[in-house]
Amino acid sequence: SKEKKDPNLKLSTKDKIVNWNKARLKTGRFNDQLGGGKLEEQENNLRTSRQVSVSDMQKMGYDIPDSATGAYAHDEHVYTASPTIVDRIVGRSNSTKIHEEAHASKATPQEDKIKEIQKKSGRELYDYFDDPGEVYSKIMEIRINNNINPNKVFKEKDLPGLKKKTSRTFESGFLEHVPDEELLDLLNNVASKDDLSKKNYT
């Protein structure tokens, strides 16, 4: 008998993000971020975004280096994503794509929730890893790459395992930068955006 293949393998990264968010909404805990048409709006943003090359983005007037692995351009609603050598070696070749597509979803309600959580923590926010759009994209990368169940509520005891699991497939700076209590809040309470001017890219 043939082995059953994981149906998720065929899905595009966009499908994976959308499905994750749909399951997240079904928990009934994220209506503020995904209910009332917000999920559909974010899905539409995501589906209408286009992947282009770095040189295409440069031609559009974005000052990004030839070596850029990923960037999202808000005005044209396009992104570039190419896995780094490290990404390929550790088997996370879609990581950059998921990250940029999360930006392209323009998930403003989630970013607002992230700002709320950050404010509550009371720490000084100055780092690249404190930008709400980056936080959202990083969290989605972790979720999709590690097949995290949208229904899961993380507890303190789950964090060492998550950090260990993601250490091979995820840049560690983010998880080390964000305090554990804040990380739990982000994982559990953010449903699943980013504005770019011609000057900024991320």
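Above this note sits the structure.
Here is a short report on the structure shown in this document. Think of each chain on its own: its residues are numbered from 1, step by step along the sequence as written. Only residues with pLDDT of at least 70 are given local features in this predicted model, and only at 80 or more are side-chain atom pairs given and counted; all residues enter the totals for whole chains, interfaces and linings. Only heavy atoms go into the side-chain values, all of them from the structure, while hydrogens and water stay out.

### Describing empty space enclosed by the protein
One way to see where empty space is left: roll a probe the size of a water molecule over the atoms. Computed over the protein atoms alone on a 1 Å grid, cavities are sets of points where a 1.4 Å probe fits but cannot get out and pockets are open sets with protein on both sides within 12 Å along at least five of seven lines; a residue lines them when it has an atom within 4 Å of a point. Grid points are joined across faces, edges and corners, and a volume is the space filled by probe spheres set on the points. Empty space within the largest cavity amounts to approximately 60 Å³. If you trace the largest cavity, you find it lined by Ile17, Val18, Asn21, Leu39, Gln42, Glu43, Leu46 and Ser105. For the lining of the largest cavity, the secondary-structure elements that each account for two or more residues are α1 (13-26) and α3 (38-48). Only runs of H or I of at least four residues qualify as helices and only runs of E of at least two qualify as strands under DSSP, and these elements are numbered from the N terminus. For the lining of the largest cavity, the element with the highest residue contribution is α3, accounting for 4 residues.

### Let's talk about the packing of aromatic side chains
Here is the rule: rings of Phe, Tyr and Trp (six-membered ring for Trp) pair when centre to centre is within 6.5 Å. Planes less than 30 degrees apart are stacked, more than 60 are edge-to-face, and the remainder are tilted. Counting across every chain of the model gives 2 aromatic pairs. Ring plane angle 65 degrees and centroid distance 6.0 Å describe the contact between Phe129 and Phe174, whose orientation is recorded as edge-to-face. Here Phe174 lies in helix α10 (residues 173-177) and Phe129 lies in the loop between α7 (108-121) and α8 (132-145), a separation of 45 residues in the sequence. Between buried and exposed lies partly exposed: a residue is buried under 20% and exposed over 50% of the maximum accessible area for its type, with that area taken using a 1.4 Å probe on protein chains only. Using a relative accessible area of 12% as the deciding quantity, one classes Phe129 as buried. For Phe174, a relative accessible area of 0% corresponds to the buried category. Aromatic rings pair up to connect Tyr128, Phe129 and Phe174 into one cluster. The criterion for a charge sitting over a ring is simple: Lys NZ or Arg CZ within 6 Å of the ring centre, and within 35 degrees of the ring normal. The ring centre of Phe154 lies 5.0 Å from the NZ or CZ of Lys152, which sits over that ring.

### Looking at the packing of α1 against helix α6 (residues 95-104)
Axes are the key here: two packed helices are described by the angle between their axes and the distance separating the axes. Between α1 and α6, whose axes approach to 10 Å, the crossing angle comes to 55 degrees. One finds that α1 runs oblique with respect to α6. Once α1 is placed against α6, the crossing between them reads as right-handed. Taking contact as the criterion, the partners of Thr13, Lys14 and Ile17 in α1 are, on α6, Lys97, Ile98, Glu101 and Ala102. The classification used treats Ala, Val, Leu, Ile, Met, Phe, Trp, Tyr, Cys and Pro as nonpolar, Asp, Glu, Lys and Arg as charged, and all other residues, Gly among them, as polar. Considered class by class, the residues forming the contact of α1 with α6 number 3 nonpolar, 1 polar and 3 charged. Each axis is a line fitted through C-alpha atoms, taken for helices only over the stretch in contact, and angles between the N-to-C directions span 0 to 180 degrees. Reported orientations rely on four angle classes, namely roughly parallel under 35 degrees, roughly antiparallel over 145, roughly perpendicular from 65 to 115, and oblique for the rest. By convention the crossing between two helices is left-handed if the near helix lies anticlockwise of the far one by an angle smaller than a right angle, and right-handed if it lies clockwise. In what follows, residue pairs with any heavy atoms lying within 4.5 Å of each other are defined as contacts.

### Some remarks on the pairing of strand β2 (residues 70-73)
Burial along β2 is two-sided: Gly70 and Tyr72 and Ala71 and Ala73, pointing in opposite directions, are all buried. The pairing of β2 with strand β3 (residues 78-81) spans 4 bridges and is antiparallel. Residue pairing across strands places Ala71 opposite Thr80, the latter belonging to β3. Strands qualify as paired when DSSP identifies two bridges or more between them. The antiparallel pairing of β2 with β3 creates a hairpin that spans 4 residues between the two strands, and His77 there sits at a positive phi of about 55 degrees.

### Here we look at the packing of α1 against α8
At a minimum axis distance of 11 Å, the contact between α1 and α8 shows a crossing angle of 90 degrees. Looking at the two axes, α1 sits roughly perpendicular to α8. Contacts between α1 and α8 involve Lys16, Ile17, Trp20, Asn21 and Arg24 from the first element and Tyr136, Met140, Arg143 and Ile144 from the second. Per-class residue counts for the contact of α1 with α8 are 5 nonpolar, 1 polar and 3 charged.

### Considerations on the environment of Ser67
Structurally, Ser67 can be placed in the loop between α4 (54-59) and β2. When its relative accessible area of 61% is taken as the criterion, Ser67 is described as exposed. Between the C-alpha atom of Ser67 and that of Val54, which follows or precedes it by 13 residues, the distance is 8.2 Å.

### A look at the pattern of salt bridges
The rule for a salt bridge is simple: a side-chain nitrogen of Lys or Arg has to be within 4 Å of a carboxyl oxygen of Asp or Glu. Considering all chains together, one arrives at 10 salt bridges under this definition. Between Lys120 and Asp185 there is a salt bridge whose closest N-O contact spans 2.8 Å. Placement of Lys120 in helix α7 and of Asp185 in helix α11 (residues 180-189) is noted, with a sequence separation of 65 residues between them. For Lys120, a relative accessible area of 62% gives the class exposed. The exposure class assigned to Asp185 is buried, which follows from its relative accessible area of 15%. Among the salt bridges present, the one from Arg123 reaches Asp130, with a minimum N-O distance of 2.9 Å. Residue Arg123 shares its accessibility class with Asp130, and that shared class is buried. Counted as one network, the salt bridges with shared partners bring together Asp15, Glu43 and Arg47.

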